[in-house]
Structures are given as C-alpha cells and as structure tokens.
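Take a look at the letters that make up each chain.
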Amino acid sequence: MPAAPYSGFGAYRVNEAAQAQAAKGTRQPPGRRILAIANQKGGVGKTTTAINLATALAAVGRRILVFDSDPQGNASTGLGVDRNQTRRSSYDVLVNQTPIADAVVATAVPGLFLVPSAIDLSAAELELVNLERREYRLHEAFMELREAYDYVLIDCPPSLGLLTLNAMVAADGVLVPLQCEYLALEGLSHLARTIDRIRAGFNTRLYIQGIVLTMFDNRNNLSSLVADDVRGYFGDKVYKTVIPRNVRVSEAPSHGKPVLLYDLRCPGSQAYIHLAGEILRREEGEWT
Ligand SMILES: Nc1ncnc2c1ncn2[C@@H]1O[C@H](COP(=O)(O)OP(=O)(O)O)[C@@H](O)[C@H]1O
Ligand SMILES: [Mg+2]
C-alpha cells in the first residue's frame, strides 16, 4: 500500500508532559466539566456533537447546559429554539455581562438547557477586542453557574478567534470532532498547538479531553487511513466510539430535534449514546 498522501503532520507530537501536568491537581471532581467543542474547520460535526452528546448525557440523568457560541446558531435551531424569540443570548453574556442564568432557556429534552446565540454574536468577535479582560469574559460568566450543571458544552464557531479563545479559557477540556479526510490532520496539529499556547498563556487546566471521529465512512479508504494515523499520534485521546455518516443525523436539525429524539434507533443516535457512555466511564476511571 502506498504511503498516505498527507505529510507535515509528523512534526507535531502531543505535549505529554504538559497534558499530564494540566490534568493533575487542578481538575474538577467528575461530573463538573466545561467542555469546549472546537475545531477551526467548519462542517466537521461540532454542532451535531454538541446537540447529541448533550442529549445523550441528559438522557442518563446529567444536568447539561449547551452554550451556543457560534453566530450561525445551529445548536440553537437544532435544539428547537427559535432565535427570534429569545430575549437574551450568548452575545449578552459575552459582551454585556448579562448573568448567564438570565440567558438560559429550557429545551424539549428534560435536563438539557441552552444559552442560545443571536445573530449579533457575529459582531462580538470585533467588539470583544476593545473590552477589558476580553479573553476571560466567558470564564467569569461561568463562575456563578459552576455548580448548577454537570456538564457545560460550548459549541464553538469554525475559527480560532476571540469566541473560541473565550471558550477555551473557560473550559476544563477541549472536545475535538474530527472528520477523517486529507486536510483534517494539518488542522488538528494546528489546533493542538493552539491549545498548548492557550494552556501556557491563559488556562493551565486546559487539555484535550478527547478527539471524536465524525461522519466516518468505512467504505472510504482514506477515512480509515486518516483514522489510523490520528490514533497513532493521539493514542487514547481518540475515543473508541466513531460517529458514522448517517443521513438521519443530517435530517434531524430541520425538525428542530436532536437525532436521539428524531430516530433513537438509527446508527447515529446509537453512536452518540455510546460516546456519552465512553466519556462518563473515562472520567470515572480517571478518578479512581
Ligand atoms: N454523522 C453524521 N452523518 C451525516 N451528516 C452529518 C453527521 N454529522 C454532521 N452531519 C451534517 O454535516 C453538516 C455539518 O455538521 P455540523 O455539526 O453543523 O458541523 P460544524 O458545527 O462543525 O460546522 C450538517 O449539515 C450536519 O447535519
Ligand atoms: Mg457548528
């Protein structure tokens, strides 16, 4: 078999020592986690993972908050929340320091709550530049609700600007959805270096919580090659659970529902249920 056509990824190695240091001592007890769901590439499954992982965790009795930090607001519409009806949004929390509790809305899923995004969030990236402690706005906003939820999942926009930076400064870990295709590898290496820099500069707790392979197509040879390579470099950081490409997953948002409510039995729903289980088990394992 010819060598995989991608290159340049080998230059990156996980900074094991820094990751281990970040994981030590400063961690929250299990079940009190803020996770940034981030990847600077669009269309890799961030929002889908935010919505459906949140639903699967809520389904096993965890109290979950999704913070929609993408101006496109796909997590809000995908959870059935009408963005025109919301009074307060993630923009108000980030820019106007509105208390987060005032921006929280319930969803159709018991135990799953949302801070919706409004269209004005697209301006926040620029407005934040001139604000005091611009990198810490979300971190400070989350201080007050730390105890109120078991998990907070932040759906990040497809960039590494101030919105994503705020998410990573507020977070305990980064969950990286990764689509197994050619450019994904370079993107992942760039993202991992960014996380190292944020840990060094802003948030010593930050580490890669895990990498989840999304929209996996096992008929596609490159998918498997890339998956093997990612596992080769990132080892156990890559979840065993793989999210398959499944048309039901892509249909669900147009019904304003998580795929778990739209079609519980489809392979996509089952995969997100497995992912939630794996995340919970790992976390418990890390603490015993
Ligand atoms: N497992 C999947 N199978 C099929 N389609 C998917 C799957 N995951 C995501 N999609 C679709 O791919 C597109 C991009 O996913 P999305 O979660 O919005 O990515 P991101 O938030 O990273 O931009 C959406 O149309 C979504 O419905
Ligand atoms: Mg998205």
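Because the structure is predicted, anything quoted here is derived from the model rather than measured.

### Observations regarding unusual backbone geometry
Phase 1: Of note, Arg133 is a non-glycine position whose phi angle comes to about 45°, a positive value.
Phase 2: Counting through the fold element by element, Arg133 comes out in the loop between helix 5 (121-127) and helix 6 (137-143).
Phase 3: Residue classification places Arg133 among the partly exposed positions, given a relative accessible area of 45%.
Phase 4: Positive phi outside glycine occurs at Met215, with the angle close to 50°.
Phase 5: Classification of Met215 as partly exposed rests on a relative accessible area of 24%.

### Quick look at the packing of helix 7 (residues 162-170) against helix 8 (residues 184-201)
Phase 1: Axis separation between helix 7 and helix 8 bottoms out at 11 Å; the angle between their running directions is 60°. Overall, the two elements helix 7 and helix 8 adopt an arrangement that is oblique. You can see that helix 7 and helix 8 cross each other, and the crossing is right-handed. Counting all contacts with helix 7, which are made through Leu165, Met168 and Val169, the residues of helix 8 involved are Leu191, Ile195 and Ile198.
Phase 2: Across the contact of helix 7 with helix 8, the residue classes tally to six nonpolar, no polar and no charged.

### Quick look at the sheet that holds strand 3 (residues 105-106)
Phase 1: The seven strands lie next to each other as 3-4-2-5-1-6-7, forming an open sheet whose pairing is mixed. Two strands in the sheet have a free side with no partner beyond their single neighbour: strand 3 and strand 7 (208-214).
Phase 2: Note: strand 2 (residues 64-68) against strand 5 (residues 151-155), five bridges, orientation parallel. Counted as the bridge partner of Asp68 is Asp155 from strand 5.
Phase 3: The sheet strands contacting helix 9 (residues 221-234) are strand 6 (173-179) and strand 7, and the helix crosses strand 7 at an angle near 170°.

### Here we look at the confidence of the model for the chain
Phase 1: On average, residues of the chain carry a pLDDT of 89, and 88% of them reach 70 or more.
Phase 2: Scored below 50 in pLDDT, residues 1-14 makes 26 contacts in the model with residues more than four places away or belonging to other chains.

### A few points about the nonpolar core
Phase 1: The biggest cluster of nonpolar side chains holds 54 residues, and the ones touching the most others in it are Phe67, Leu138, Phe142, Ile154, Met168, Ile211 and Val230.
Phase 2: Residues Ala56, Ala58, Tyr272 and Leu275 belong to the second largest nonpolar core, which totals 34 residues.

Criteria and thresholds
- Residues numbered from 1 in each chain as written.
- Chains lettered and ligands numbered in written order.
- Predicted model: local features only at pLDDT ≥ 70, side-chain atom pairs only at ≥ 80, totals over all residues.
- Heavy atoms only, no water.
- Helix = DSSP H or I, 4+ residues; strand = E, 2+ residues; numbered from the N terminus.
- Buried < 20%, exposed > 50% of the residue type's maximum accessible area, 1.4 Å probe, protein only.
- Axes fitted to C-alpha atoms, helices over the stretch in contact; angles between N-to-C directions.
- Parallel < 35°, antiparallel > 145°, perpendicular 65-115°, else oblique.
- Left-handed = near helix turned anticlockwise from the far one by under 90°.
- Contact = heavy atoms within 4.5 Å.
- Nonpolar A, V, L, I, M, F, W, Y, C, P; charged D, E, K, R; others polar.
- Pairing = 2+ DSSP bridges.
- pLDDT = per-residue confidence, 0-100.
- Core = buried A, V, L, I, M, F, W, Y, C linked by side-chain atoms within 4.5 Å.

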